[in-house]
Amino acid sequence: MKYTHLKKLRDKYAIVGVGYTPQGKVPGRSVLSFYVEAGINAIKDAGLKKEDIDGLICLQAVSSNIK
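The residue numbering used here restarts from 1 in each chain and proceeds along that chain's sequence as written. Per-residue local features are limited, in this predicted model, to residues with pLDDT of at least 70; the limit for side-chain atom pairs, both in listing and counting, is 80 or more; totals at the level of whole chains, interfaces and linings are taken over all residues. Each side-chain value is derived from all of the structure's non-hydrogen atoms; neither hydrogens nor water enter the calculation.

Across its full length, the chain carries one helix and zero strands. Classification of residues uses two cut-offs on accessible area relative to the type maximum, computed with a 1.4 Å probe and protein chains only: under 20% is buried, over 50% is exposed, and between them is partly exposed. Relative to its 67 residues, the chain shows a buried fraction of 7%. A contact between two residues is defined here by any heavy atoms of the two lying within 4.5 Å. For the chain, long-range pairs separated by at least 24 residues make up 39% of all intrachain contacts whose partners lie at least 6 apart in sequence. For the chain, the exposed surface amounts to about 6,600 Å²; the carbon and sulfur share of it is 59%. Counting from the N terminus, the helices are DSSP H or I runs at least four residues long and the strands are E runs at least two residues long. For every accessible area listed, the method is Shrake-Rupley and the probe measures 1.4 Å; residues are considered covered only by the protein chains on display.

Structure follows, in structure tokens:
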């Protein structure tokens, strides 16, 4: 399989920081609170300010194995 379609993304997008949060059931925490914490951590990891961010993609992973 050729990935020529990915060439269109070159020099347009970058992942420059990674943020993570506790995993599993955490009492008193909402999904949104995890997104916010991970976003803040990613911005810090990248050495950026929130004003430097012009886009954001969030994905909520769901698994039937989570109990």
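Moving on to the pattern of salt bridges. A side chain with one charge may pair with a side chain of the opposite charge, provided their charged atoms come close. Every case where a carboxyl oxygen of Asp or Glu lies within 4 Å of a side-chain nitrogen of Lys or Arg is listed as a salt bridge. Under the definition given, this model contains one salt bridge. Two residues, Arg-29 and Glu-37, come together in a salt bridge whose shortest N-O distance is 2.7 Å. On the basis of relative accessible area, Glu-37 is assigned to the partly exposed category, the value being 27%.

What makes a patch is a set of residues exposed beyond 30% relative accessible area and free of salt bridges, joined within 9 Å when like-charged and within 5 Å when nonpolar (Val, Leu, Ile, Met, Phe, Trp, Tyr). Together, Val-16, Leu-48 and Ile-53 make up an exposed nonpolar region whose accessible area comes to about 230 Å². Looking at the secondary structure, you find Val-16 in the segment before α1 (31-46).

It is worth spelling out the environment of Lys-44 at this point. Turning to its location among the elements, Lys-44 is positioned in helix α1. According to the relative accessible area criterion, Lys-44 is exposed, its value standing at 63%. For Lys-44 and Val-18, which are 26 residues apart along the polypeptide, the C-alpha to C-alpha distance reads 8.7 Å.

In this section: α1. To estimate the expected span of a helix, count its residues, drop one, and scale the result by 1.5 Å. In this model α1 runs 23 Å from its N-terminal to its C-terminal C-alpha over 16 residues, within 8% of the 22 Å that 1.5 Å per residue would give. Here α1 has its buried residues at Phe-34, Ala-38 and Ala-42. Buried residues of α1, seen end-on, are gathered within an arc of 65° and therefore sit on one face of the element. Within α1, the exposed residues directed more than 90 degrees away from the buried face are Leu-32 and Lys-44. Where α1 terminates, the next one or two residues include Gly-47, which has phi positive at roughly 75°. Taking the helix axis as origin, the arc is that swept by the directions to the C-beta atoms.

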